[in-house]
Structure formats: structure tokens, C-alpha cells
Amino acid sequence: MANRIDGTDPLEPFKYFVVGAFLPPGLQLSQEGHIYGTPTTAGVYTFIVKAIAVNEMAGVNKYTISVGCPFSINPLNKSVSSTGENGTVDLTTSAGCQWTAISNAPWITVTNNTGNPRVGSGVVTFTVQPNTGIARPGTITIGGQTFTVNQANGCAYTLSSTSASSPAGGSAGNFSVNSGTGCAWSAASNASWITITNGNAAIGNAAVNFTTQANTGAARTGTMTAAGQTFTVNQAAAGPVAPRRSQFDFDGDNKTDLSIFRPSLGEWWYLKSSNGGNGAVQFGSSTDKIVPADFTGDGKTDIAFFRPSSGEWFVLRSEDFSYYSFPFGTTGDVPAPADYDGDGRADAAVFRPSTVTWYISRSSGGTTIRQFGAADDVPVVADYDGDNKADLAIYRPSKGEWWLERSTAGSIAFQFGASTDKPVQGDYTGDGKTDAAFFRPSTNEWFVLRSENNSFYSFPFGAAGDVPSPGDYDGDGKTDAAVFRPSTVTWFVQQTSSGTSIQTFGASGDLSVPNAFVP
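Overview of the structure. Every chain is numbered on its own, with residues counted from 1 as its sequence reads. Totals for whole chains, interfaces and linings use every residue, but because this is a predicted model, local features are given only for residues with pLDDT of at least 70 and side-chain atom pairs only at 80 or more, for both listing and counting. Side-chain figures throughout are based on the complete set of non-hydrogen atoms in the structure, without hydrogens or water.

### Considerations on the overall build of the protein chain
And then number 1: Where helices and strands are cited, they refer to DSSP runs of H or I of at least four residues and of E of at least two residues respectively, numbered from the N terminus. The number of helices and strands found in the protein chain is zero helices and 49 strands.
And then number 2: Each radius of gyration reported is based on C-alpha atoms, and the globular scaling rule is 2.2 Å times the count of residues to the power 0.38. Here the C-alpha atoms of the protein chain give a radius of gyration of 45 Å, more than 25% beyond the 24 Å that 2.2 N^0.38 yields for 519 residues.
And then number 3: Across its three principal axes, the protein chain shows a C-alpha extent of roughly 150 × 50 × 40 Å.
And then number 4: Taking the intrachain contacts of the protein chain between residues at least 6 apart in sequence as the baseline, contacts between residues at least 24 apart amount to 40%.
And then number 5: Note on areas: these come from Shrake-Rupley sampling with a 1.4 Å probe, and a residue is covered only by the protein chains present in the view. A total of about 24,200 Å² of accessible surface is found on the protein chain, and carbon and sulfur atoms cover 51% of it.
And then number 6: Two residue types count as positive, namely Lys and Arg, and two as negative, namely Asp and Glu; His and chain ends fall outside the count. Every charge is mapped to an atom, namely NZ of Lys, CZ of Arg, CG of Asp or CD of Glu. Taking the average location of the 31 positive side-chain charges in the protein chain and that of its 44 negative ones, the two points are 7 Å from each other. In what follows, a contact means two residues having at least one pair of non-hydrogen atoms within 4.5 Å.

The structure is reproduced here in C-alpha cells:
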């Protein structure tokens, strides 16, 4: 520092001398009145300066100087590994200067803080804890100076498990990635038949959810990579393929039979495709809702109905024409029987629009209760993913949307159709998976969305007033477009293997049984 003590007397120049007390150590006063030097000791210093004029006259004055403590540290920063380590910092200051060392990060500890505050120059020792997260900075305040610690990234990743088994029919699974706070990672499937449904990327601990597609061949192994770690899925080989049963097959030859329900008499009439004979039985009344399906698992469709007034189901066994009944549902429910558990037997099920809730009485045991859909939706239950299990599915007429909750392949939604179209889902391509499809009454056209590649095709078949009645009438494993014409009680079937069939069967007022589940 350099300052001058100025006189204002006309007898200048003066000579200046310190005559009482002392200047701060490190400072001096020149005869010309300049104070110069660098103070070395902090404190408040009061001293007296005597000024002598050229005529030898003299005067004195009192002055005060405050000197702060100088602090410097070395080094200013340090880089440490993720495993943690110890370190030191040198602090230099004047004798008598007090200071403290304070860590500003919970993972940095000053280890020699005994005697805080400390006096004079000294050494600070510290410890850095191991880092299990991303790279991080932290500081220590030493005598008002900032010392910075930069610790390297310590992210490490482990999996809760490294492998899983999947049945041939496909399944859903999950595992967890464990890592430190802030550690980012991603996951990817290395196999086309394994799909990651949630957890493609995350920070810190998180789960990876995945599904496997049905396996139609030999046992196979696939992997996923998550946070650089490998997760292996071992899928079983496909077992013997269970025969697919045609709907509305009353004689067990795996062909859909022409069949009608006569509400006025509660009668069922069906034309046996196996031998051309007729079958007829009285079972139900005009207010009942027909629900034909193979409830007993013998390969033949059982005549059955749902009674909306009481929420009861009545099933006429195809084996011996005895019947049984049970309550399941309530007024306003929409019956939607199908084989939801894949045991070869149809399960009683209802969709309740008022609460958009599904109730399924599984033939294998237990009841499933699941919310799915919206109030104006209509059920379009079928096996859309080819795992031999019926999937919850709805058609939303207001938007022409299909929403499928596939039991193996996961949920999907798409737009296909319009509000006035009639859903007529079926396996039109014969790949073992149900195709979304609709019949357009205004033009009598059929539209089919192929399950293989989501392309579609359409064709005209029918006339005004026809009732769509799809089924596998020729038993080739493919759904055939068919219509029942009430005005002439005539059936028109476009068989994929046997050509077009035209046959009269029924009477005025009859309802098409293969139309039972077309909204």
C-alpha cells in the first residue's frame, strides 16, 4: 500500500516522523509523508505523527489504520477418483489471524478441525467419501477462500436378475436396474420376439418390463442389454398345436353350421354340416340373449342363453342335452363368452357399460374383474395374438376405433371403420390370429385388416337388409364372409376353399346364430 499524509500549512514542506506508538508491522512512513509497504499483521493500529516545518515549528496529529488478515490457499482445487481419497490444503496468513475450515458437501469431511478457529498459517486435511453416482463437485471454505473438490463419475449398474424363462405361448416379465443417484442408462432388446414395454431409458433405480411373443418353433434364447448388462430370456419350444375350433359348430366337425334362433318359440334350429341333417331344440325365450359357445370343452358348440332380467346363464350340454344354470351378471350387462384362460372351454363373461368393467368366470377357476373401455364401447372379443386365449377387446363406434388388450402381445389401439359399420372380426387369413374386420351395411362391403402386416383388403358381398354371419363354414381354418337374408331366409356363404354356397334355411322372424356376437 502507499498513502500520503498531507499538510495544509503554508510553511510546507514538512518533514514527518512517527513519535507515538507504531505503524502496523510491514508499513513505514517516509519524511515526505508517504506510508508504504505491506502490512503483515492484522489489527487496529493508532499512532502519532509529528510534522516539522521549515521554520522548525512542529505539530502532531493522531491517526488510526485497520489491517485485515490476508489469506491464501494452495492448491485451489483437487480432482479425486470415484473411490474417494484423502487430501491436504495449505493456508497462509499473518500471525494472529484467525480462520476456520468448513466443508460445504456432506461427502467431504475436514478431519483436523480441532481447535477451530485456528490461528496463523496451517494445513487442512480432509477425506472424500466414495462416489456411487455421477461426477460431482464440492467445496471447503478455508479462511474465506474456496477450495474445490471434483470427484469422478462412480456410476455402477447391477441387475436384480440376469435371466428369465418364458413359456412357448409368450409372457410378460420384468427385472430391475440398480444404480446410483443421477446415473442414466438405457435398455434395448436384441431379439425381434422380445419387446421392451417400459423402461427403455431411466435415471437411477428403475424396472424394465418386457413381453415375449408366442414361439411356434424350437426352444430359443434372446437377450436384452440394460445399462451395459446382459439379460437373457429362454423361451420353451412350441408344443403340439391345439386344434382350433370353429364357432357355431354344433356337430363337432370343425365347420360352422347354418343355424337360427326362433324367438317366438324359443327354438334353435341348425343344419349339420357333417351329414346334412337337421337339429332342433327348444331352449330359451324371446327376451333371452343367445350365447352359443363350447362351455363343456367337447369340441361342439353348446346351445346357451343369457337372461338379462335375472343375470342368469343357461347352458344345454351338447354331450347329453342336459342343462345347467348359474347367476353371473346383472341387468344391462353385455354377455361376451369366450375361452379367456386357454383351457379349451368357453368362460361366461360380461361387459358392464355403466362401469366399463369386465367380469370373467374362468372355467379353470376364479373370477377376473377388469376395467377396460368406455361407456359406449361394444365387445369384440377374440384371440388377436394367436395364443389360444381370448383377448379383451372393444370397438368404439363413435370413433371407429378398436382397442385390444392382448393376453400375450400387449395392448394396442387403431382406427378401422365408422360408426354405422358392424364389427365382424375373424381369422380371415388363416394365420391363427383374429383379424379386425367390419361389414358396411350402406354398401354391403366387407373390410379386413390383416393381422400379419396391418394391410387391409375389401370386397362386396351381400345386399341391403342382409345380416352378417361370418364363420368357418368349410373348415379350412379361415373365416368365411357370410350373410343371412331374412326377406328370403336365404344364406349366402363365400367359402374360401369351396366356393360360394347359397341355401335356404329358417323362417321369417328367425335370428342368425352366427350373428349372435355382432353388435
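### Let's talk about the pattern of salt bridges
And then number 1: We define a salt bridge as a side-chain nitrogen of Lys or Arg found within 4 Å of a carboxyl oxygen belonging to Asp or Glu. Tallied over the full model, the rule gives eleven salt bridges.
And then number 2: Residues Arg-307 and Asp-288 are paired through a salt bridge, measuring 2.9 Å at the closest nitrogen-oxygen approach. Of this pair, Arg-307 sits in strand β30 (residues 303-307) while Asp-288 is found in the loop between β28 (278-282) and β29 (289-290), placing the two residues 19 residues apart along the sequence.
And then number 3: Think of it in three bands: with a 1.4 Å probe and only protein chains considered, a residue is buried below 20% of the maximum accessible area for its type, exposed above 50%, and partly exposed in between. When its relative accessible area of 8% is taken as the criterion, Asp-288 is described as buried.
And then number 4: The residue Arg-352 makes a salt bridge to Asp-333 at a minimum N-O spacing of 2.7 Å. Separated by 19 residues along the polypeptide, Arg-352 in strand β34 (residues 348-352) and Asp-333 in the loop between β32 (323-327) and β33 (334-335) bring together distant segments of the chain.

### Notes on the sheet that holds strand β2 (residues 15-20)
And then number 1: For two strands to be treated as a pair, DSSP must find at least two bridges joining them. Spatial ordering of the open sheet is given by β2-β5-β6, a layout of three strands whose pairing is antiparallel. Looking at the sheet topology across the chains shown, the edges are occupied by β2 and β6 (58-67). When strand polarity is set aside, the average angle formed by the axes of neighbouring strands in this sheet is 35°.
And then number 2: Sheet topology places strand β5 (residues 43-52) next to β6; ten bridges connect them, and they run antiparallel. If you follow Gly-43 over to β6, its bridge partner there is Val-67. Orientation is described by lines fitted to C-alpha atoms, with helices fitted over the stretch in contact, and by angles between N-to-C directions that extend from 0 to 180 degrees.

### Remarks on the state of the cysteines
And then number 1: A pair of sulfur atoms, both from cysteines and within 2.5 Å, is called a disulfide here. Following the criterion strictly, the structure yields two disulfides and no others.
And then number 2: Disulfide pairing is shown between Cys-69 and Cys-97; the S-S distance is 2.0 Å. Disulfide Cys-69-Cys-97: the torsion about the S-S bond is -95°, which places it as left-handed. On the criterion of sequence distance, the pair formed by Cys-69 in the loop between β6 and β7 (72-74) and Cys-97 in the loop between β9 (85-92) and β10 (98-99) is long-range, its members being 28 residues apart.
And then number 3: Taking the relative accessible area as the measure of exposure, Cys-69 reaches 29% and is therefore partly exposed.
And then number 4: When the bonded cysteines of the protein chain are counted from the start of the sequence, the pairing works out to 1-2, 3-4.

### With respect to the side chain of Thr-479
And then number 1: With respect to the element layout, Thr-479 can be found in the loop between β45 (467-468) and β46 (481-485).
And then number 2: Taking the relative accessible area as the measure of exposure, Thr-479 reaches 13% and is therefore buried.

### Considerations on the layout of surface pockets
And then number 1: Here the term cavity refers to a set of points on a 1 Å grid, laid over the protein atoms alone, in which a 1.4 Å probe fits but cannot get out; the term pocket refers to an open set having protein on both sides within 12 Å along at least five of seven lines, with lining residues being those that place an atom within 4 Å of a point. Grid points are joined across faces, edges and corners, and a volume is the space filled by probe spheres set on the points. Computed from the structure, the second largest pocket encloses a volume of approximately 1,000 Å³.
And then number 2: In this structure, the second largest pocket is lined by 40 residues; those nearest its centre are Ala-214, Asp-385, Gly-386, Asp-387 and Lys-433.
And then number 3: Sort the elements by how many residues they give to the lining of the second largest pocket and strand β40 (residues 410-415) lands first, with four residues.

### What to know about unusual backbone geometry
And then number 1: Cis geometry marks the peptide bond from Asn-74 to Pro-75, where omega comes out at 0°.
And then number 2: Relative to the helices and strands, Pro-75 is located in the loop between β7 and β8 (77-80).
And then number 3: Even without being glycine, Phe-248 reaches a positive phi, approximately 60°.
And then number 4: Inspection of the secondary structure puts Phe-248 in the loop between β25 (229-235) and β26 (258-262).
And then number 5: Here Phe-248 falls in the buried class, since its relative accessible area comes to 3%.
And then number 6: Although it is not a glycine, Val-356 adopts a positive phi angle of roughly 45°.
And then number 7: Tracing the sequence through the fold places Val-356 in the loop between β34 and β35 (357-361).

### Looking at the environment of Phe-306
And then number 1: Its place among the elements puts Phe-306 in strand β30.
And then number 2: For Phe-306 and Ala-349, which are 43 residues apart along the polypeptide, the C-alpha to C-alpha distance reads 10 Å.
And then number 3: Phe-306 has contacts with Asp-288, Lys-289, Val-291, Gly-311, Glu-312, Trp-313, Phe-328, Thr-330, Asp-333, Pro-335 and Val-350, leaving out every residue within four places of it along the chain.

### Focus on the side chain of Glu-405
And then number 1: Residue placement: Glu-405 occurs in strand β39 (residues 401-406).
And then number 2: With a relative accessible area of 17%, Glu-405 lands in the buried category.
And then number 3: For Glu-405, the contacting residues outside a window of four places in its chain are Arg-370, Phe-372, Asp-391, Leu-392, Gly-410 and Ser-411.

In short, shape yes, function no, at least from these values alone.
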